[in-house]
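# Chain and residue survey
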Amino acid sequence: MATIIRPYGDTMNDGKVQLSFTLPVPCGSRGMEAARRLVHAWGFHECEVVHAAPMSEEFTFFVVYAATHHGIDWDTVEGDRDDSEKSMTMDEINAFIKEKIGRKVVVVGACTGFDAHTVGIDAIMNMKGYNHHYGLERYEMIEAHNLGAQVPNQKLIEYACAHNADAILVSQVVTQKESHIHTLTEFIELLEAQGLRGRFICIAGGPRITNKLAAKLGFDAGFGRGTYAEDVATFIVRRMTAS
Amino acid sequence: MATIIRPYGDTMNDGKVQLSFTLPVPCGSRGMEAARRLVHAWGFHECEVVHAAPMSEEFTFFVVYAATHHGIDWDTVEGDRDDSEKSMTMDEINAFIKEKIGRKVVVVGACTGFDAHTVGIDAIMNMKGYNHHYGLERYEMIEAHNLGAQVPNQKLIEYACAHNADAILVSQVVTQKESHIHTLTEFIELLEAQGLRGRFICIAGGPRITNKLAAKLGFDAGFGRGTYAEDVATFIVRRMTAS
Amino acid sequence: MRSKLNLPQDKIDRARALAASICAPVLEFIEQHTTVTVERATLRLLGADGASPDGIPVPNLVVDALRDRLGEGVAAWYANALLQTGLEQAELDRRIAEGFSIATLPMGDRQRALELASELAARNFARIDANRAFRQAKQEEYKGRNHSPLLYLIVATGNIYEDVKQAQAAALHGADVIAVIRTTAQSLLDYVPYGATTEGFGGTYATQENFRIMRQALDEVMERERRYIYQTNYASGLCMPEIAAMGALERLDMMLNDSMYGILFRDINMYRTFVDQRFSRMINAYSGIIINTGEDNYLTTSDAFEKAYTVLASQFLNERFAYAAGLQPWQMGLGHAFEMDPSIKNGILYELAQAQMAREIFPEHPLKYMPPTKHMSGDIFKGLVMDNMFNFVSKATGQGIHLLGMLTEAIHTPFMMDRHIAVETALYVMNGIDAIMDEIEFRPDGLIVRRAHEVLDRTVQFLEEVERIGLMQSIEQAMFADIARPRTGGKGFEGLVPRLETYANPVEDRLERALGLAH
Amino acid sequence: MRSKLNLPQDKIDRARALAASICAPVLEFIEQHTTVTVERATLRLLGADGASPDGIPVPNLVVDALRDRLGEGVAAWYANALLQTGLEQAELDRRIAEGFSIATLPMGDRQRALELASELAARNFARIDANRAFRQAKQEEYKGRNHSPLLYLIVATGNIYEDVKQAQAAALHGADVIAVIRTTAQSLLDYVPYGATTEGFGGTYATQENFRIMRQALDEVMERERRYIYQTNYASGLCMPEIAAMGALERLDMMLNDSMYGILFRDINMYRTFVDQRFSRMINAYSGIIINTGEDNYLTTSDAFEKAYTVLASQFLNERFAYAAGLQPWQMGLGHAFEMDPSIKNGILYELAQAQMAREIFPEHPLKYMPPTKHMSGDIFKGLVMDNMFNFVSKATGQGIHLLGMLTEAIHTPFMMDRHIAVETALYVMNGIDAIMDEIEFRPDGLIVRRAHEVLDRTVQFLEEVERIGLMQSIEQAMFADIARPRTGGKGFEGLVPRLETYANPVEDRLERALGLAH
Ligand code: B12
Ligand code: B12
Ligand SMILES: Cc1ncc(COP(=O)(O)O)c(C=O)c1O
Ligand SMILES: Cc1ncc(COP(=O)(O)O)c(C=O)c1O
């Protein structure tokens, strides 16, 4: 039987949602009615325009509370990845590599294209890591190369070949005008054009990256906010040993 | 030609909206996907679940940004009342009454039912008024009777009859479980049952009251947040002199 | 605590002396009267329980039956009924619920009846003693795990089972105190509904069963979080003493319990309220409950900047009435609020001044500080920031009990997510300025210091005026909250009864003895 | 200003002396070099304008053509071309844009050419003088109508026409300063794009035409609101001096303009940057522009609590370099930021300490204070409150230029409504605590005071270390921002040119003379 879930304000299934947005209309009762009708058009009922403030003569800011009858079937929802699959710890990963791979795993990473945000990839790769989770450089059984920011895709690929990398990590933080999609797509296309796609485990990461998005773009995995080195390392070593 | 308007984030017609809500699901990537799908179900695209926080084991709070293609036709939007129709000032109203009505206008008001919120009706009626706008008691040509809070509908009607009121003001602030609808509906039903509806100009007010809602419930007008005494008085005297 | 404001002690003393002199005649009046709800509370503390099929509680049935004899006190009559019928108490209550009137029974040995009443009281007082001991033990066990100030959150779904979910989520997230808001207009009921309830408007009925259900839910979280969770309700309205009795029996920890709130904000008769408040407060005092007074309400009907002194004046009066009912300073959660118009220049500094002033004048009292409400609007973003400036001021001045503001205050009773946002942001601010009380000084003679001095001055003047006129007449003249209440008007006046010479109340005797109030 | 922290003046003096000694060898190096962009900026200030059909600006065409003669300075060559061809300047520029190389012309009378260059410069300097005079007059006319601190808002749509809408809305609502963020990676372009632009990533191209369009839009709002609206852009990256020149010509009022930002955060060659920053700063100094330095960036790559001293150290260095370029203290918007992890106990108090410290150490400087960015998350509600604690600290410590934080910092470049919320809430907080600077004192020896002393101590130690090693080598060793940059690495190194004996630059001479820097 389907388990339909709906937003919850203070009573099961009341469907309450808060919204805010701007409309290119002057502030006044006509603008408020426009806001109400718009929210209504999204299928909401009990639409209360609780705030309307002029931002200029042509733009008005609205806050609305409304309720929805829509629900979705929880039983059919699949997470971006399996929440129950736990990552190994650094020590477990090192032990795993020693036992099942028997040599150091080589990981090459960079923040590519025009993107200059190194903090994310550093959090995964650099010695000191992030939030008291050490980065890959600290792993005894991992050889990690962090090329930094604004690295052209082709340069990253060449470097990975030259160092016989097992996995390539690509960080993309800026998403404006879909620039991350362009850069990530180009990366996979370049690999494929050179017949190298099969050679590496390819992983994308960044605050707006999901596993699904990465898969769609041809990566083996994608990681978003709150990722730690062990999550990535666990994925790599499991994938390397998967038959 | 229709003027279609859509939400504006930073570019015309980008359709950007902010939403927040709670779902009765545990926090995790499955919950985030549920949130995304739900927002999608409302017709949004580019749904970004930017925040998910557990509130207990069974409830998660989400913040989402998304974009809509929906728009509404501005030309067909009618405001709750005509924004361009300006209220008279206190002096103008007094002069208007002297000239066109020639006697004091009697207004009786109360906060009815179980509702104990007097501040709103006081703001309209009491001498000192609200936000430097004097209340009706201050109007030379208006005789104002404010009966206060938790006044039963029938008592208000009897009082209005006894004092030969021209207009009755009803305040409703509490809207939980639609209690304002019940109280306002009962008021009109009582008047009609006693054949008195035609005798008074009936006006409802309160932060969640709109002109449309009031009209639907059988009132002559409704006033919401930010109303001042002159708005109400203007309406009354114009209605009294409308042929 | 080092003083930052250098308020003149003689002015503070003068205000206290004025409060004492203002309250004295009222206290005299109180002693000479009882009310229907005082008698019903007495019955509850004798163990009377149950309700008629149409929901009228046994204490009401008894008091209604004895309506013409209340001046003697009902305790003897109730015990007499037990003696006369020879029934078990539960059985007697059942019969009363079914329609049996004990007024039909003649009085037997009144002395023996009073002794039995005393024994019955002893049983229920033992339960209260145990509750108090349990609370103390748990607070000792989980010492240092509550926040300072205590974070106080309201739930108000109208359905006790929904309330429980919300309360547990809030407590898990950090709430120290959960208050279940009462349904609209319960304060005007002259009886306490019976049993678990699931329908209320803007709040949930206060019933003894609802108290029990919430207590159990909060105790669960307490054990899990190893943090004592305070439960709060309203000993307010027409049934103040009865709700206090129920709270004592179900181990509530705080009660909204003001000496004048009902008069001003619920139009309850002033004589009735004064009598009721004392009895309810004695029960609260005995059971170790912290009361919360309602000065914040003044600022919803009058201007918070102009009328700041009415808050302080009311605190002095509430304090005086509280002492007279045996409450200790640590039980006096005197109310005040952050309610100034947000557009006032330096408004936040004036709030800081007043909060610090309250702190210095009532140093041992766990002041209850209320968030902005009146000036909250549909602009939830600005509202959230206002709430957090309130959080800042509260932490900076060491308030005791901190009611968290809701960003949706102007819109609806809190959604679960509203409460979540409130806790999350308050914890951020309060942790970020943890040591601020010891860190910040005010410029002597700056506007903060001057504001506090002005409010105190104005308060003394105001109390002088009230003393001259008398408290009851001052209320008649709208000197408090801009609201006028006639002496014999308002609800519940008919429930006021002069005590006869023969009046006897073993519950009251016991309370007064234990609280050192015997005269 | 009364000191609240009692920082030892001798330590402050010591830090300044260290900064002077650290910068001295770098300044010597600077004097002996020019760069492609210094020469291009010179051309711009001689009036060279236009671009080739494929968008290469005339100054670039000229400098590229004279690539092997830059050591002499391009001014004489450009003037020489005018003399040799007898063309009007606009006509010459048009020909250059079409492909004509002035390198093909032999040098005539070099002295006359330099005189002509001087005259050309005079014309453009007259325009800058007029801009400065206009600004002063308007600021005088609308005195007292800006906020304190100045509220600084960014626009970043990528499209100058969309930017204009957003900027006007922000200014109408209260912004004092509008900064147009540059498109991603413009700082790495070794030329300045030409004309109005409508496509950028996360920002809008800085072009002279875009400057003009925005200036006009802001002037409109200025007249309407009777409040001077400051326009800001980035004299940063590979074209620092050129953008400064454009800003001078189009009456910008502020420029992001740091002495080391490009090196550390954009991997631009350090020699190149040091040379460029001085020339750009002389132009800014002359045109009355307030510079904004980029110390906030340190805290995005290293920890804000641990590395607070690197911010102060950089401020001393930026100040020293700024003096050396003729900037006055009122033009030095030294940067710092509110970037501590929000979970740090007393973190807000530490921020308060550091902001006050900066204020007391640089009393005449309009410090530019940056909001939380790194620890902002998708939790927009908590983010909004963090932004407002930042607003609080800024007002409480009298910062000069206040960059408003956005609740959506972790999500997207600002929506119009994000900016609206930021202004609305900041105005509430700042108005509510208007007088706080004069009202609040810190406990001597409390954790606020101690924190400031510690950071100053640590800064002096750090500067001593840098002095010992030398600035360039310190940068090579990642002593700043945890980032290592090799001396001859980085972008733009190839654009560095040693000056020959014969080097002549009438624009520079004029600047140095006017700024009293002539040696
Ligand atoms: C710090 C910062 C900067 C610094 C960067 C310094 C540096 N060396 O990294 C500076 C000041 C230089 C900067 C500049 C710019 N920035 Co910036 N910046 C930020 C900021 C404040 C924090 C980012 C950060 O460090 N987060 C902390 C890290 C640890 O989180 P993270 O990146 O998400 O990484 C985690 C996960 O995503 C994941 N992860 C990340 N990468 C990878 C890779 C792999 C393989 C894996 C497995 C995991 C993984 O693991 C990490 C740890 O959990 C954000 C706002 C914010 N609060 O998020 C804006 C932000 C990212 N910047 C932004 C912009 C627009 C810019 C500029 C383009 C502005 C401009 N026009 O000049 C410039 C240009 C930069 C460029 N060319 O790319 C926008 C992006 C908008 C968008 N969605 O497109 C943001 C969101 C700010 C905003 N609201 O406008 N920025
Ligand atoms: C002050 C206040 C109180 C005071 C009331 C004091 C008094 N004497 O009025 C006290 C503390 C007593 C109180 C109690 C309760 N309150 Co109350 N209270 C508020 C508060 C903070 C402010 C209301 C106010 O005074 N606004 C200022 C006035 C000027 O604005 P206004 O009422 O909108 O009036 C303007 C217009 O609407 C219009 N107008 C109003 N009436 C009329 C009539 C006419 C004819 C016209 C023309 C115009 C007009 O003109 C006015 C001026 O512009 C609001 C929250 C908020 N910030 O809005 C909650 C609020 C209204 N209260 C609420 C609740 C639930 C209660 C209680 C039921 C809680 C409880 N369970 O105990 C109780 C019970 C009251 C009862 N029986 O009705 C809820 C209502 C939720 C809902 N939507 O249903 C609110 C929204 C708070 C919340 N978020 O929970 N409350
Ligand atoms: C002291 C006090 N009692 C009671 C209440 C609650 O009101 P009611 O009487 O409607 O339950 C309040 C609410 O603000 C209060 O302050
Ligand atoms: C001093 C300085 N310059 C420039 C920039 C802008 O960066 P970009 O070089 O990408 O334009 C910043 C941004 O933080 C800065 O602080």
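The numbering scheme is per chain: residues are counted from 1 as the chain's sequence reads. Each chain gets a letter, beginning with A, and each ligand a number, beginning with 1, in the order they are written. Side-chain atom pairs in this predicted model are given and counted only at pLDDT of 80 or more, local residue features only at pLDDT of at least 70, and totals for whole chains, interfaces and linings cover all residues. In computing side-chain values, all of the structure's heavy atoms are included and hydrogens and water are not.

### Here's the deal with the overall build of chain A
A run of DSSP states H or I qualifies as a helix once it reaches four residues; a run of E qualifies as a strand once it reaches two. Both are numbered from the N-terminal end. Helix and strand counts for chain A stand at seven helices and 10 strands. We compute the radius of gyration from the C-alpha atoms alone; for a globule the expected value is 2.2 Å times N to the 0.38, where N is the number of residues. Relative to the globule expectation of 18 Å for 243 residues, the C-alpha radius of gyration of chain A, 23 Å, shows a markedly less compact shape. Counting only C-alpha atoms and orienting by the principal axes, one finds that chain A spans roughly 70 × 45 × 35 Å. Partly exposed describes any residue whose relative accessible area lies between the buried limit of under 20% and the exposed limit of over 50%, with all areas from a 1.4 Å probe on protein chains only and scaled to the type maximum. For chain A, with 243 residues in total, the buried portion stands at 53%. Within chain A, contacts between residues at least 6 apart in sequence are counted, and of these 65% link residues at least 24 apart. Only heavy atoms matter for contacts: two residues are in contact if any of them lie within 4.5 Å across the pair.

### Some words on the overall build of chain C
Each helix and strand counted, chain C has 20 helices and 12 strands in total. Taking 24 Å as the expected radius of gyration for a compact globule of 519 residues, we find that chain C reaches 23 Å, a close match to that expectation. Within chain C, buried positions represent 68% of all 519 residues. Long-range pairs, those at least 24 residues apart, make up 78% of the contacts in chain C with a sequence separation of at least 6. Per element, the accessible surface of chain C, about 16600 Å² overall, is 48% carbon and sulfur. Note on charges: Lys and Arg go in the positive column, Asp and Glu in the negative column, and His and the chain ends are not counted at all. One atom stands in for each charge, and that atom is NZ of Lys, CZ of Arg, CG of Asp or CD of Glu. Each charge class in chain C was averaged separately, 52 positive and 68 negative side chains, and the resulting centres sit 1 Å apart. Computed with a 1.4 Å probe, the accessible areas rest on the Shrake-Rupley method; for each residue, only the protein chains presented here act as cover.

### What about the relation of the copies chain B and chain A?
For this overlay, a least-squares fit was computed on C-alpha atoms, restricted to residues scoring pLDDT of at least 70 in both copies. Mapping chain B onto chain A leaves a residual RMSD of 0.0 Å; the transformation is a rotation of 180° accompanied by 0.0 Å of translation along its axis. With respect to symmetry, the two chain copies, as superposed, fit the operation of a two-fold axis. By C-alpha distance to the rotation axis, the residue of chain B lying nearest is Leu19 of chain B, at 2.2 Å. Most of the interface of chain B is mirrored in chain A, where 100% of its interface residues are also at the interface.

### Description of the site of ligand 2
Definition of nearness: a residue and a molecule or strand are near each other if at least one heavy atom of the residue lies within 4 Å of the molecule or strand. Contacts to ligand 2 come from 46 residues, most closely from His117 and Thr118 of chain B together with Arg182, Thr373 and Glu409 of chain C. More than a single chain frames ligand 2: its nearby residues are located in chains B and C. Polar contact criterion, stated in full: a pair of N or O atoms within 3.5 Å, where within protein one must be able to donate a hydrogen and the other to accept it, and residues adjacent in sequence count only if both atoms are side-chain atoms. At a separation of 2.8 Å, a nitrogen atom of ligand 2 approaches a polar side-chain atom of His117 of chain B. The separation between a nitrogen atom of ligand 2 and a polar main-chain atom of Gly202 of chain C is 2.8 Å. Looking at the shell around ligand 2, the elements that each hand over two or more residues are α3 (119–125), β8 (167–171) and β9 (201–205) of chain B together with α12 (298–301) of chain C. Ranked by the residues each element gives to the shell around ligand 2, the list is headed by α3 of chain B, at five residues. Of the residues contributing to the shell around ligand 2, the split by class is 19 nonpolar, 21 polar and six charged. Lys, Arg, Asp and Glu make up the charged group, whereas Ala, Val, Leu, Ile, Met, Phe, Trp, Tyr, Cys and Pro make up the nonpolar group; the residues left over, Gly among them, are polar.

### Some thoughts on the sheet that holds strand β3 (residues 44–54) of chain B
Only strands that DSSP links by at least two bridges are regarded as paired with each other. Reading across from one edge, β3(A)-β4(A)-β2(A)-β2(B)-β4(B)-β3(B) is the order of the six strands in this open sheet, with antiparallel pairing throughout. Looking at the sheet topology across the chains shown, the edges are occupied by β3 (44–54) of chain A together with β3 of chain B. Here the average twist between neighbouring strands, direction ignored, is 20°. The pairing of strand β2 (residues 16–23) of chain B with strand β4 (residues 60–68) of chain B spans eight bridges and is antiparallel. Within β4 of chain B, the residue paired with Val17 of chain B across the bridge is Ala66 of chain B. In this analysis, axes come from line fits to C-alpha atoms, helices being fitted only over the stretch in contact, and the angle between any two N-to-C directions falls in the range 0 to 180 degrees.

### Considering the side chain of Glu439 of chain C
Within the secondary structure, Glu439 of chain C is located in helix α17 (residues 436–439). Using a relative accessible area of 2% as the deciding quantity, one classes Glu439 of chain C as buried. Of note is the side chain of Glu439 of chain C, whose polar atom sits 3.1 Å from the backbone nitrogen of Ile448 of chain D. With residues near it in sequence (within four places) discarded, Glu439 of chain C still touches Leu349, Glu441, Phe442, Arg443, Gly446, Leu447 and Ile448 of chain D.

### Some points on the interface of chain B and chain A
The interface of chain B with chain A comprises 46 residues on the first partner and 46 residues on the second. Computed with a 1.4 Å rolling probe, the buried area is the accessible surface lost when two parts are put together, summed over both parts. Buried area between chain B and chain A, both sides added, is near 4100 Å², and the carbon and sulfur share of it is 60%. On the chain B side of the interface with chain A, the three residues burying the most area are Arg30, Trp42 and Trp74 of chain B, jointly 17% of the side's total. The shortest N-O distance in the salt bridge between Lys212 of chain B and Glu33 of chain A comes to 3.4 Å. Linking chain B with chain A are 21 residue pairs in polar contact (both at pLDDT 80 or more), by the criterion used here. Contributing elements (two or more residues each) for the side of chain B that touches chain A: β2, α1 (29–41), β3 and β5 (72–73) of chain B. Where strand β2 (residues 16–23) of chain A meets β2 of chain B, four bridges bridge the pair, whose relative direction is antiparallel. Note on β2 of chain B: the bridge partner recorded for Ser20 of chain A is Gln18 of chain B. One side-chain nitrogen of Lys or Arg within 4 Å of one carboxyl oxygen of Asp or Glu is enough to make a salt bridge.

### Considerations on the state of the cysteines
All names here are of chain B. Here, two cysteine sulfur atoms that lie within 2.5 Å of each other are counted as a disulfide. Counted according to the given criterion, the structure contains zero disulfides over all chains. Cysteine Cys111 shares no disulfide, and the gap to the nearest cysteine sulfur, in Cys202, comes to 16 Å. Of the residues examined, Cys111 reaches a relative accessible area of 0% and is grouped as buried.

### Examining the coordination of the cobalt atom of ligand 2
Of all protein atoms, just one serves as a donor to the cobalt atom of ligand 2, and that atom is His117 of chain B (NE2), at 2.2 Å. With respect to the helices and strands, His117 of chain B occurs in the loop between β6 (105–111) and α3. Sodium, potassium and calcium take a 3.2 Å donor cutoff, other metals 2.8 Å, and in both cases only N, O and S atoms count; water is not among them, so sites may look incomplete.

### Section: the interface of chain B and chain D
A common way to report how large an interface is uses the accessible area buried once the components associate. Taken together, the contact pairs 13 residues of chain B with 17 residues of chain D. In terms of surface lost to chain D, no three residues of chain B exceed Tyr8, Asp10 and Tyr65 of chain B, which account for 46% of the buried area on that side. Our count for the contact surface shared by chain B and chain D stands at zero salt bridges. Inspection of the chain B/chain D interface yields five residue pairs in polar contact (both at pLDDT 80 or more). Of the residues in the side of chain B that touches chain D, the class split is six nonpolar, five polar and two charged.

### Overview of the packing of aromatic side chains
Ring geometry is summarised as follows: Phe, Tyr and Trp rings, the Trp one being its six-membered ring, pair when their centres sit within 6.5 Å, and such pairs are stacked at plane angles under 30 degrees, edge-to-face over 60 and tilted between the two. One pass over the structure, following the stated rule, counts 48 aromatic pairs over all chains. Between Phe338 of chain D and Phe390 of chain D, the ring centres sit 5.8 Å apart and the planes meet at 65°, which makes this aromatic pair edge-to-face. Placement of Phe338 of chain D in the loop between β8 (335–337) and α14 (347–361) and of Phe390 of chain D in helix α15 (residues 380–396) is noted, with a sequence separation of 52 residues between them. By relative accessible area, which is 4% here, Phe338 of chain D ends up buried. Among the aromatic side chains, those forming a connected cluster through ring pairs are Tyr261, Phe265, Tyr298, Tyr309, Phe462 and Phe480 of chain C. A cation over a ring is seen here: Arg30 of chain B above Trp74 of chain A, with NZ or CZ 4.0 Å from the ring centre. Our definition puts a charge over a ring when NZ of Lys or CZ of Arg is within 6 Å of the ring centre and also within 35 degrees of the ring normal.

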